[in-house]
Structures are given as structure tokens and as C-alpha cells.
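Understanding the architecture of this molecule
Listed here are the chains, written in short residue letters.
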2 protein chains.
Amino acid sequence: MSKTDLRPALSRMLPYTPGEQPPPGKFIKLNTNESPYPPPQEVIRAIQDAATGPLNRYPDPTARSFRNEASRVLGLPSPDWILAGNGSDEILTILVRGFVGEGQKLRLPYPSYILYRTLADIQGARWEQTPFLDGWHLPTMFGQGDADLRLVLLPNPNSPSGTIVPKDEIAKLAESLPCPLVVDEAYADFAGDNCLDLVRSHDNILVTRTLSKSYALAGIRFGFLVGSPAILGKLGNIKDSYNCDYLATVAATAAIGAQDWLRETVETMNQTRARMETRLAELGFNVTPSKANFVWCTHPSGEHEAMHQFLKKNQVLVRYMNFPDWGDGLRISVGTDQQVDACLMLLERYLS
Amino acid sequence: MSKTDLRPALSRMLPYTPGEQPPPGKFIKLNTNESPYPPPQEVIRAIQDAATGPLNRYPDPTARSFRNEASRVLGLPSPDWILAGNGSDEILTILVRGFVGEGQKLRLPYPSYILYRTLADIQGARWEQTPFLDGWHLPTMFGQGDADLRLVLLPNPNSPSGTIVPKDEIAKLAESLPCPLVVDEAYADFAGDNCLDLVRSHDNILVTRTLSKSYALAGIRFGFLVGSPAILGKLGNIKDSYNCDYLATVAATAAIGAQDWLRETVETMNQTRARMETRLAELGFNVTPSKANFVWCTHPSGEHEAMHQFLKKNQVLVRYMNFPDWGDGLRISVGTDQQVDACLMLLERYLS
């Protein structure tokens, strides 16, 4: 053993690889589910004003301005139902650190967001994948567990499928589980429904949100957790004291206040998504109907990797994903109509 | 056990309490070692430009623009000697998670930065404090350890004392230790010397830096680690993928390039510090000569807590600190000359 060896658990882990991030401008990026639109004007103005603000001072440790506005917009009883973080990635890290000890276990559905496995690996914990049933339902056993099971994570809508598990099923899962059930609602604004009311009826349901997708703010790193104040108070003790940047907090506060902008942008993107789904089906793809800002599709030819390469050669990035024991396919983010048309035309050319 | 209990290790821990952060404008803040000056103009302009940049896109996962500029300014062999984070707090969290497993041990000097203990507690690890000797030297045993000792943390300059351990002593400690030695250089720009060259000669020496103090950017949350590329590559796997905000990275890149501004600001603050030290001594305080942007002082009357309250009542915040088995005193940040004069006048009034 050398002086600088990392913990043994870490030397065995496979690091998480996010989608490719090429220099701006070169590609049409439909690979990481970012918004193709700029954030609301209010956000840009707020950042420009804040640039001459108290940058030399530590930010509010609890991002109160954001929590006040968000609790009002989301109809929560008080700002204490919100814990803010440096992206929902940090929130997920806090949750795993908070609930899962070395050797204990977290559960996720499969195929799903594989970052959860990396978070378990970093913690020296175990992870367990429960395959979705046909039609993207979850088996009853997803809601059962022993004392070692300390956290269950469910992206809803799910990635890569874009599907949702109905709320009544989620409530039942939480009731039978021996631990917290985290509903990762990164894409919920595109779904028309969400689990925020379940947080109030079930204290072991926690909901994560991000401003990276529907609010077009992946660059500023801001996410949050909704849960009962008793639990959030304890989780707050394990975050870094000043985890939320002043500029990011200002931007997030302006963004969450821009609900008219959100409604219009989501409506536009959902219309583009419907066109994508129709056209992909016409091209022979099997398309999973999506409630998120991306579409999962497979083609009978099975040439997904080749399609991905062909698109990339033509300056369009989509996500090729291969899930062992399950299958591969393409996850294509909802871009602007023009970006999506470019992608669809290239796929048509590839297939002809 | 309830469904939502945190890990047992966490229910026992004492959360870290950062210095008070009142609403801006009400107090002269000399309690959290922020810069009293605004950041360089280049930073403000860079943020205002970036506000219309690609906020909807994920940021560069490795903050390359910053690492390029910082490695040039600091004379490092390449950007791969730098790992960037959401404040040096996040860097410290990554270090503890990377090296110290549940039940293993980290070491810190005493009195020192007690956040390190909280980081150990969160990890379910143990911490061990080694008291400084007279004259703020470290005993030989600070450099000795068994297999359970996985990380040693040394703030240099130290807080609350503002003192430094000489570089040749640090090199010797690293040579005898069985684990990494992290030199936390949050305040090094005020000291006139640092351990960056030791990182190249000793692969178990790692240096943390922050832009919160000397660069006047506590609001934007940016810090970094300097170490050998082999170690930083492995630590990079356990950070969140997009830990550095786009705006913060732009601001930090502009700031680290403003070396003339840094030299002038540090010189001004060190002159103010000298005046503070002289005047506090005239008022009867025992003053520890400081190499940082704060001064630690005690008074023969022992009335430190009362002085703190008196100052607060008069809108001046300083940090009252009480270290069990060691003693208490006041840690006063170096503000502007005007801010420092207000504080000194109030102390004179209290003592007369």
C-alpha cells in the first residue's frame, strides 16, 4: 500500500461518464437533455446586477431568497420544506451520504440513471437494480426490503425511457419500503404531474429537482430537495456550509419566479417532442412515448451505434446508450424544431 | 429505528457552525475573514459578459479555462496538477471521502480549523487533534502514524493563530507520515510564502487554495487542489461531474489572472494588519504575529466574550472563539483601515 492510495472501495469503482461536452458551437447537442433555449431574460438581468453585488462576502448558507420564492411557487407550507444545493447532483450525494453507510444498500430501477450506482460505489455501499416490467411498471419487490436497504431512488420521469410510474404506485412503494424513497423529478416539468403532494402525506418520500433542464440553467448548477423539515434539517448538517453560489442563487431565484416563461417553453418543447415521436415512428423506430425532454428509440436494424457515429460525423450529438442484459438504443434530447429537423433528416438519410 | 433515520454516525455528530452572516449593510463584518474590498474589475466584467453566455449548457466538467490560467500563474508543470471545486470546502470533502474510510482516522493540529472534525464525523471516521507546542511549532508525533491514519490536515497559515509552520518542517512531516498531508493554504497569499514547490518534490503533499479570501470572491464558491496528476485523476472520479458553475469558473479565471491587483490588495491589507497588531498591543492585548488576513488576540482581563458582545451591540462583528482545554480569544479579520479603526476605537472605549 502506498502513502497516497485512495480508499480500497474507490480503486474498484467505475467512474460515471457524463455525456460528451464539446466546445460550444461545433455540434447540435441533443445528448445531455439541456434546454435548447436561453433562460428567461429576468435571469440574465439578475446576474448582471448581481455582478456588482457583495461577491467578496460569503453567500447565504441556506439560499433563503430562493427557498422563499420556490416554496411560494410550488405551494409548499414553508421554505423549510426545501434544501438547496449545487445542482441536484450534490443533493443526490447528500442523500446517499446521509442515509447509506459503508456496506449498506441502495436500490434503483433498471435501466435508469446509472449515476446512482457511482454514488453508492463512492460511499462504499452496495447497489441493487430492479428491472422494470413490460410497460415500464415496477414489480412489487421494488417496494420491499430488509434493514440493509437504506435508500431507494426512482427517476420519474425515468431516463432513458422518459416514462413515469403513476403516483398511486409511488405512494404504495413508499408505504411498504423500510427507508426513504427519493423521487428524482429532474424532468417533471415536462410531465404535467409530479409527486410534491406525496411529500406532505408520506414523510419517507423526498423529491429532487434541478434548474438544469426545464429552466435552461445547466451552467449555473442549482438543484433542490423537497422533504419534511425534520429530515431536511438533519441533511443540512452534512452539506458544505456555503454550498450555493451567490450568483447561482440569484439566478435560480429569478428563474423559479418566471412561471409564465416556464409554461410557454415547456409547451413548445412538448410540441417538438410530439413531432419527433411521430417522425421517428415513420422512419421505422420503436418510440417509447415520453414525458420528458428527450425521446428513447430503438430501430429494428439494431444499428444504433452506427447511427450515433453517422450523426456525430455530421455534427449532431445524440446519446448512444447500451444497458447490459437489456439492450441499446438512442436517447435524443428535444432541441429546437430546427435542431430536431436536422437530426431527423440525417437519420432518414442514414436509413435510405 | 424509523424509516427516515440518518446513518447512526450522523445522529451523534456536532454540525459545523460557520461565522454569523447577517443581512448586508448592518454590520462591519470582521468575523469570517472575507476581503473588505470588491474583486478586480475584470471579474465583474467577465461575469456580466458571461450572463449572456451558454447558461443552458452544462459547464466544462474540469474547469479547463481556469486550470490553464492558474497553472501558468502558479508555475505548475501543467493544468493536470489542479483539481477545481465548489469552494475549497468541497475540495476538503473530496479529500476526506477519497482517503478516509469509516472507522479510519484523520489528524489535525489544535487549535485549528474545526471543520475538519465535522468532515471526519460525516464520513463516520475518527479524528485526532495534536496540540501545537509553544511558539506554534508542531511536535514530532504530528508526523507519525499507523495504518489507520489516512489523512493529515494542516492549515498554513493556521486559523485562529495566523501562524505558519516552516516549509522544511512540513517536508519532514510528509516524509515520516504514512498518508497524504494536506496543506490548507486558504490564507497563503497573505504570508509571502507557500508550499507549492513541495507538491512537486513530495507526492503525498497536497495543497488546497480558495478564491474566497485574497481574491475577494467568497460569494462565488471556487477553490482548488494542487497535487500530482496521478492522485488528482483518481480524486476527480469522486467529485460531482459538473461541480464548478459556469459563472464561477469564468469569474475565477479572470481573478487568477489579475496578479497585479492581488499584489496591491495584499500589500494594503498587510499594512492594515500591521497597524492592527500595533494598536491592539498598545491596548494591552497579547497579539500573535499574523501571516494571514486576521489577527488572534487575547486580553489579560479575559473578557473576550463581553468584548465580542460590546462590539456586536455597536455593529462590529468579530469572531469570539473558545477552544476547550486551550483558551479563548478574539479573531479579528483585516478590514479596510476605516473598518479596523472603528473596531479599535470601540475596544479602546470598552477598556477605558
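As recorded in an unreviewed UniProt entry, chain A goes by Histidinol-phosphate aminotransferase and comes from Roseiconus lacunae. Note on chain A: under the UniProt heading Sequence similarities (unreviewed entry), the record states "Belongs to the class-II pyridoxal-phosphate-dependent aminotransferase family. Histidinol-phosphate aminotransferase subfamily." Chain A has a UniProt comment under Subunit (unreviewed entry) that states "Homodimer."

**Some details on the overall build of chain A**
Counting secondary structure elements, chain A contains twelve helices and twelve strands. Its C-alpha atoms give chain A a radius of gyration of 20 Å, near enough to 20 Å, the size a compact globule of 352 residues would have. In chain A, buried positions account for 61% of the 352 residues. A separation threshold of at least 6 residues defines the contact pool for chain A, and within that pool the share at least 24 residues apart is 72%. Split by element, the accessible area of chain A, about 12,900 Å² in all, is 50% carbon and sulfur. Side-chain charges of chain A comprise 34 positive and 39 negative groups, with the mean position of each set lying 4 Å from the other.

**Examining the UniProt feature "modified residue: N6-(pyridoxal phosphate)lysine" (unreviewed entry) in chain A**
Here the UniProt-annotated "modified residue: N6-(pyridoxal phosphate)lysine" (unreviewed entry) positions come out as A:Lys213. Looking at the element boundaries, A:Lys213 is found in the loop between strand 7 (205-210) and strand 8 (223-226). Once residues within four sequence positions are removed from consideration, A:Lys213 is found in contact with A:Thr32, A:Asn33, A:Ser35, A:Ala186, A:Tyr187, A:Phe190, A:Asn293 and B:Tyr58. Reaching out from A:Lys213, the side chain makes a polar contact with the backbone oxygen of A:Thr32 at a distance of 3.2 Å.

**What about the UniProt feature "domain: Aminotransferase class I/classII large" (unreviewed entry) in chain A?**
The sites that UniProt annotates as "domain: Aminotransferase class I/classII large" (unreviewed entry) are residues 26-342 of chain A. Between the end C-alpha atoms of residues 26-342 of chain A the distance is 14 Å, and the span holds 38% helix and 20% strand.

**Observations concerning unusual backbone geometry**
Only a minority of non-glycine residues have a phi that is not negative, and only a minority of peptide bonds are not trans. Cis geometry marks the peptide bond from A:Asn156 to A:Pro157; its omega dihedral reads 0 degrees. Tracing the backbone through its elements, the reader meets A:Pro157 in the loop between strand 5 (149-155) and helix 6 (167-176). The step from A:Ser159 to A:Pro160 runs through a cis peptide bond, and the omega angle for that step is 10 degrees. Mapping A:Pro160 onto the fold places it in the loop between strand 5 and helix 6. Despite not being glycine, B:Ala216 has its phi angle at roughly 60 degrees, a positive value.

**Digging into the side chain of A:Thr118**
Residue and element names in this part refer to chain A. With respect to the helices and strands, Thr118 occurs in helix 5 (residues 115-123). The exposure class assigned to Thr118 is buried, which follows from its relative accessible area of 6%. Not counting chain neighbours up to four residues away, the residues in contact with Thr118 comprise Met13, Leu14, Pro15 and Tyr16.

**Observations regarding helix 10 (residues 259-282) of chain A**
All names here are of chain A. Relative to the 34 Å expected for 24 residues at 1.5 Å per residue, helix 10 spans 35 Å between its end C-alpha atoms, a close match to the ideal helical length. Taken as a whole, helix 10 has its buried residues at Gln259, Trp261, Leu262, Thr265, Val266, Met269, Thr272, Arg273, Met276, Glu277 and Leu280. Against helix 3 (64-74), helix 9 (246-257), strand 9 (286-288), strand 10 (294-298), strand 12 (327-333) and helix 12 (337-351) lie the buried residues of helix 10. Taken from the residues just after helix 10, Gly284 is the one with a positive phi, measuring 95 degrees.

**Digging into the interface of chain A and chain B**
At the junction of the two partners, chain A supplies 76 residues and chain B supplies 76 residues. At the boundary of chain A with chain B, total buried surface from both sides reaches about 6,700 Å², with 54% on carbon and sulfur atoms. The interface formed by chain A and chain B includes two salt bridges. Between A:Arg57 and B:Glu34 there is a salt bridge whose closest N-O contact spans 2.8 Å. Here chain A is connected to chain B by 45 residue pairs in polar contact (both at pLDDT 80 or more). Elements supplying a minimum of two residues to the side of chain A that touches chain B: helix 2 (41-50), helix 4 (87-99), helix 5, helix 6, helix 8 (229-236) and helix 9 of chain A. When grouped by side-chain class, the residues that make up the side of chain A that touches chain B number 36 nonpolar, 22 polar and 18 charged.

**Brief notes about the nonpolar core**
Ranked by internal contacts, the top residues of the largest apolar core, which has 164 residues, are A:Phe66, A:Phe222, A:Ile332, B:Phe66, B:Phe222 and B:Ile332. Of all hydrophobic cores here, the second largest spans 29 residues; its members include A:Leu108, A:Ala125, A:Leu153 and A:Val182.

**Observations concerning the relation of the copies chain A and chain B**
By a simple turn and slide, chain A fits onto chain B: the slide is 0.0 Å along the axis, the RMSD is 0.0 Å, and the turn is 180 degrees. Here the two chains are linked by the operation of a two-fold rotation axis. No C-alpha of chain A lies nearer the rotation axis than that of A:Gln48, which sits 2.5 Å from it. A shared interface surface links the copies, since 100% of the contact residues of chain A are contact residues in chain B too.

Rules used in this analysis
Residues numbered from 1 in each chain as written. Chains lettered and ligands numbered in written order. Predicted model: local features only at pLDDT ≥ 70, side-chain atom pairs only at ≥ 80, totals over all residues. Heavy atoms only, no water. UniProt positions renumbered as here; feature names shortened; annotations may be inferred. Helix = DSSP H or I, 4+ residues; strand = E, 2+ residues; numbered from the N terminus. Rg over C-alpha atoms; globule rule 2.2 N^0.38 Å. Buried < 20%, exposed > 50% of the residue type's maximum accessible area, 1.4 Å probe, protein only. Contact = heavy atoms within 4.5 Å. Areas by Shrake-Rupley, 256 points an atom, 1.4 Å probe, with all protein chains shown as cover. Lys, Arg positive; Asp, Glu negative; His and termini not counted. Charge placed at Lys NZ, Arg CZ, Asp CG, Glu CD. Polar contact = N/O pair within 3.5 Å; in protein donor to acceptor, adjacent residues only side chain to side chain. Expected span 1.5 Å × (residues − 1). Buried area = accessible area lost by both parts, 1.4 Å probe. Salt bridge = Lys/Arg side-chain N within 4 Å of Asp/Glu carboxyl O. Nonpolar A, V, L, I, M, F, W, Y, C, P; charged D, E, K, R; others polar. Core = buried A, V, L, I, M, F, W, Y, C linked by side-chain atoms within 4.5 Å. Least-squares fit on C-alpha atoms with pLDDT ≥ 70 in both.

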